[in-house]
Amino acid sequence: MKLSRQEIGNALTRFPGWGWENEALVKTFSFSTYMEGVQFAVRVAEEAERLDHHPDMLISYRTVTLTCTTHDAGGVTERDVALIERIERLL
Ligand code: HBI
């Protein structure tokens, strides 16, 4: 079930750098090299497979932008919050 604006706001206080745009949780991560960003993206992909929940990923030179939304619900759900929690633990 989609989270309310307030539930999303509350959840995001725990995750610095994450914002809420267009029904999705979004964060851009910066790395020293292109390959570091690619390797991070692969680890995110492995975690996404474990959770069966998959972020959009944009690799742009040394930055990786992750966009987490629940397609089935048309917005942000607890599954997205669980995903960003795992992603933050990868760093
Ligand atoms: N990933 N982001 C995202 N949103 C979904 O709705 C979603 C997913 N990965 C797998 C998935 N749904 C499946 O569980 C369902 O489509 C069956």
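Placed above this text is the structure.
Nothing here was measured: the structure is a model prediction, and the numbers come from that model.

Help me understand the environment of Leu12, please; the structure alone is not making it clear to me.
Within the fold, Leu12 resides in helix H1 (residues 5-12). The sequence separation of Leu12 and Val81 amounts to 69 residues, and the corresponding C-alpha distance is 8.4 Å. Beyond its immediate sequence surroundings of up to four residues, Leu12 is in contact with Trp18 and Trp20.

In this structure, what is going on with the nonpolar core? I would like to understand it.
Within soluble globular proteins, side chains that are nonpolar generally end up buried alongside one another. Among the nonpolar cores identified, the biggest contains 12 residues, and these are Leu3, Trp18, Leu25, Val44, Val64, Leu66, Cys68, Val76, Val81, Leu83, Ile84 and Ile87. Those elements giving two or more residues to this core turn out to be strand S4 (63-68) and helix H3 (78-90). Looking at this core element by element, the count peaks at 4 residues for H3. Residues contacting Val76, with those up to four places away along its chain left out, are Lys2, Leu3, Ile8, Trp20, Glu23, Ala24, Leu25, Thr69 and Thr70.

Honestly, the packing of helix H2 (residues 34-51) against H3 in this entry has me stumped. Any pointers?
Closest axis-to-axis distance for the H2/H3 pair is 10 Å, and the angle between their directions is 145 degrees. The element H2 and its partner H3 pack so that their crossing is right-handed. Two secondary-structure elements touch here, H2 through Arg43, Val44, Glu47, Ala48 and Leu51 and H3 through Ala82, Leu83, Arg86, Ile87 and Leu90. Of the residues assigned to the contact of H2 with H3, the class counts are 7 nonpolar, no polar and 3 charged.

Can you help me understand the pairing of strand S2 (residues 24-30) in this one?
For a regular strand, side chains alternate in direction, first toward one face of the sheet and then toward the other. In terms of strand pairing, strand S1 (residues 19-21) meets S2 through 3 bridges, oriented antiparallel. Looking at S2, one finds that Trp20 is bridged to Leu25. In textbook terms, the turn of a hairpin is the stretch between consecutive antiparallel strands, and for S1 and S2 this stretch comprises 2 residues, one of which, Asn22, has a positive phi near 50 degrees. In the sheet, S2 pairs with S4 via 6 bridges, with the strands oriented antiparallel. Following the sheet pairing, Leu25 is matched in S4 by Cys68.

What counts and how
Residue positions are given per chain, counted from 1 along the sequence in the order it is written. Predicted model: local features are reported for residues with pLDDT of at least 70 only, side-chain atom pairs are reported and counted for 80 or more only, and whole-chain, interface and lining totals are derived from all residues. Helix numbers and strand numbers start at the N terminus; a helix is a DSSP run of H or I with at least 4 residues, a strand a run of E with at least 2. We call two residues in contact whenever the C-beta atoms placed from their backbones are within 7 Å. Definition of nonpolar core: a set of buried Ala, Val, Leu, Ile, Met, Phe, Trp, Tyr and Cys residues joined via C-beta atoms within 7 Å. Between the buried cut of 20 or more and the exposed cut of 12 or fewer other C-beta atoms within 10 Å of a residue's own C-beta lies the partly exposed class, and all C-beta atoms are placed from the backbone. Here an axis means a line fitted to C-alpha atoms, over the contact stretch when the element is a helix, while the angle between two N-to-C directions is reported on a 0 to 180 degree scale. When the near helix sits turned anticlockwise from the far one by under a right angle, the crossing is termed left-handed; a clockwise turn instead gives a right-handed crossing. In this classification, Asp, Glu, Lys and Arg are treated as charged, Ala, Val, Leu, Ile, Met, Phe, Trp, Tyr, Cys and Pro as nonpolar, and every other residue, Gly included, as polar. If DSSP finds at least two bridges between two strands, the strands pair.

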